[in-house]
Amino acid sequence: MIKDDRATILSAIKASLAQAASGRTMSRLHGPPPSIAAPPLTNQPSIPAVDRHGPASTHAAAGFQAALDRVQGVCHRVTSDAGAADALQAVIADLGVRRVVRSDDSLVIEILERVIGGFELLPPNVDRARLLECGLGVSRATIGVVEYGTIVLTSGDMAGVSGSPTERQRLVSLLPATHVAILASSDLVETWDAALASLRSASGDLPPTATFATGPSRTADIELELVLGVHGPKNQHVILLEHR
Amino acid sequence: MSPPDAKPNETGYIHHLHADQFDDLVPQALANVELRGALAKATNTIRNRRAIALEEIDDLQELRSRAKSIKTEALAHLDDHLETFERQATANGIHVHWAADAESASAIVLDIAIKNKTRLAVKAKSMVSEEIGLNDALIDAGIVPVETDLGEWIVQLAEEPPSHILAPAIHKRRREIRDLLARVLGRPMPDDAAGLTEVARHELRARFAQAELGISGANFLVAETGSFLLIENEGNIRLTTSLPRVHVAVAGIEKIVPRLKDLGPLVRIITRSATGQAISCYQTLVTKPKTSPEDDGPEEIHLVLLDNGRSKLLEDDLTAETLRCIRCSACLNVCPVYRQIGGHAYGSVYPGPIGAIFTPQIAGMHAASQLPGASSLCGACREVCPVDIDIPGVLLHLRHRAAEGDQSTGNHPEADPRTTEKTQSMRRGFRFWRWAMGSSRRFQVFGAVGRLLATVIRQVPSLTKYAGPLAGWTDGRTVPRSPGRSFRSGKMARRLRPEGQGRA
Ligand code: SF4
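Residues numbered from 1 in each chain as written. Chains lettered and ligands numbered in written order. Predicted model: local features only at pLDDT ≥ 70, side-chain atom pairs only at ≥ 80, totals over all residues. Heavy atoms only, no water.

Taken together, the side chains of B:Val445, B:Val449 and B:Leu453 define a hydrophobic patch exposed on the protein surface, amounting to about 230 Å² of accessible area. Inspection of the secondary structure assignment puts B:Val445 in helix H22 (residues 440-459). (Patch = residues over 30% accessible without salt bridge, like charges linked within 9 Å, V, L, I, M, F, W, Y side chains within 5 Å. Areas by Shrake-Rupley, 256 points an atom, 1.4 Å probe, with all protein chains shown as cover. Salt bridge = Lys/Arg side-chain N within 4 Å of Asp/Glu carboxyl O. Helix = DSSP H or I, 4+ residues; strand = E, 2+ residues; numbered from the N terminus.)

Time to look at helix H4 (residues 106-114) of chain A. Residues spaced three or four apart along an α-helix point in a common direction, a consequence of the helix completing one turn every 3.6 residues. Residues and elements named next belong to chain A. Looking only at H4, the buried set comprises Leu107, Val108, Ile111 and Leu112. Angular distribution of buried residues about the axis of H4 spans 130°; they occupy a single face of the element. Exposed side of H4, more than 90 degrees from the buried face: Ser106 and Glu113 are the residues found there. (Buried < 20%, exposed > 50% of the residue type's maximum accessible area, 1.4 Å probe, protein only. Arc of directions from axis to C-beta.)

Our focus in this paragraph is the environment of B:Val286. Following the sequence through the fold, B:Val286 ends up in strand S9 (residues 282-286). Looking at B:Val286, the relative accessible area reads 2%, which means it is buried. Residues B:Val286 and B:Ser227, 59 residues apart in the sequence, show an inter-C-alpha distance of 5.5 Å. Setting aside its immediate chain neighbours within four residues, B:Val286 contacts A:Pro208, B:Ser227, B:Phe228, B:Leu230 and B:Ile301. (Contact = heavy atoms within 4.5 Å.)

To continue, consider the interface of chain A and chain B. Listed by partner, the interface residues are 76 residues for chain A and 101 residues for chain B. Of the roughly 7,500 Å² buried between chain A and chain B, counting both surfaces, carbon and sulfur atoms make up 57%. Linking chain A to chain B there are 11 salt bridges. The partner of B:Glu198 in a salt bridge is A:Lys234, and the shortest N-O contact between them spans 3.2 Å. Where chain A meets chain B, there are 42 residue pairs in polar contact (both at pLDDT 80 or more). Counting only elements with at least two residues in the side of chain A that touches chain B, the list comes to helix H1 (6-28), helix H6 (192-198), strand S9 (209-213) and strand S10 (218-219) of chain A. A total of 12 residues in the side of chain A that touches chain B trace back to one element, the largest contributor, which is H1(A). (Buried area = accessible area lost by both parts, 1.4 Å probe. Polar contact = N/O pair within 3.5 Å; in protein donor to acceptor, adjacent residues only side chain to side chain.)

In structure tokens:
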């Protein structure tokens, strides 16, 4: 039988905090004010839901591109859906990828329909063995962060989050060696903090999982030499739709 | 190790702790030239990257003080925040468990593993799981734990403990790693870091696909929303928390932050302090298990809250600072002691300056009384610490406790006999010093004797073995080169001496 130590831990914390407080009262007579004294917490939700669907500037797009470039990612700025399809086609052809898996986001599907082909396209619900054979995954980025070139990938039933798709992208964006994210420029925000804030729906709900991804995965575990693509994708592309 | 009847918040337990062997481990580490070379190179590189990254933050001091006050506030009302976290996480569908000590944390995870018929568990790097000895517990139950962080995987294959909080294989050269993988996998290995990394990716993919259970730590727990944040570069945490059907995260109770918006400043400062990147590759905010059957991700998420002696640290404002630590490892990279002896010499999962204060407070002074001495008190650790922990202050406090006998484990009986002896020999030394310095005559005589002894001992090094009652002092020190004659008899001293005073 597993014992649950909830009560033990909470009362231990309370006892310790009380002891610290009494120690502080003693030393207040002599010493400087305590370092741990903190204002009590207010219980309001801290971050209001943010409307991020304002017009995006070219300034933001350029900033995003430059930041992604600094972390060895690639940003393709396009001004039409046809341009997005061309960019995607070029990435697939350059890498010689034969099997592509997509998420079920409607914009992703729309753009892929314009791509001429030359590869096998799989939906996100293929079995894992086949998914593992895919060289490239295409999914939607819910948000883009200008300061770092970060894309935010959200999963699950996003009902209630304005403008966010219900998407199965977790493995699509993670398993293949190359990930291509489709990002609308109206989904760009300036800071990481703003991105986090805008994940919350009006009712304060968060998606089941949100991953903030900045560039390709990397490690420096062997003699601190930078190697790209350890467990996550080796190539991170973002197709930024400046017309959307 | 805590005595069987210890109250849970008295002291905790740290797995595989052999910090009591510090005196033996240090000379071993110092004699390992290869290790010292690797460490010097690695810590220098990380240090420089960090310095550059932090330069880019205009409002660094402001950011540090925000990070500090977030953690301070969280700790000041830790009980409330934990209860809020539990309420929110439970509403989100996460199972929250409470573990007063290492043993019950291991038991909780094991129970989940067994209920889910786990044969293979993939693990993302987690200090806490090392602290509670989770791997051994799983292995004893016939479950295979596979570490998936590249460095962690390498040290697991080498059957060694990690030596650095963020770069667990920092002590290993590439050649060693290549030979190790060749031996374990039974085939020739590429020579370059990229090739070796590719091998690891391939080998571990198969494990991720098979595992029934994924085990991770957590960097921050958000009370307000019942979510937790995982920070990484490699993507193994994403895989660990996406592929297996069940995910268990184990986190110390001090990981809590009150609000969602507290994550911003902490994320911003943790990676810059740690590796010098502006931001790590991935931050994953986990709030719920998957909401529809065809979705990706785990069906079941468990979070184990671990005390293991942490609540005790809150008794005192100074020791409580220890709990602010966000495990960025900046203090390791700047510590002159760590840079010489490496992580293994600390004999604990937690190495470096933070380990020197965390380990003895968690496991009890009797188990790690030497560690607070593993510092030159130069203050570099505090200077870089993003949450401004007074590490030298806590060190001094703990040294004092070690010298006085550990209050937290009763009076003296359990104190390490070696410490007691060392302390006494130091006391003898200082008493003698005070007497010898007491008059100008004695000062001159003993100065001459000292110069003579230093010359003789340097010529016959084996004499240092016979330091007798002074061994407590001389063991850790080398004999300085004798200047030949005293400063007082030199030209400079004569010139400095006020008029009218005779020659010395
Ligand atoms: S003590 Fe400070 S510098 Fe050291 S690991 Fe913790 S947060 Fe980082």
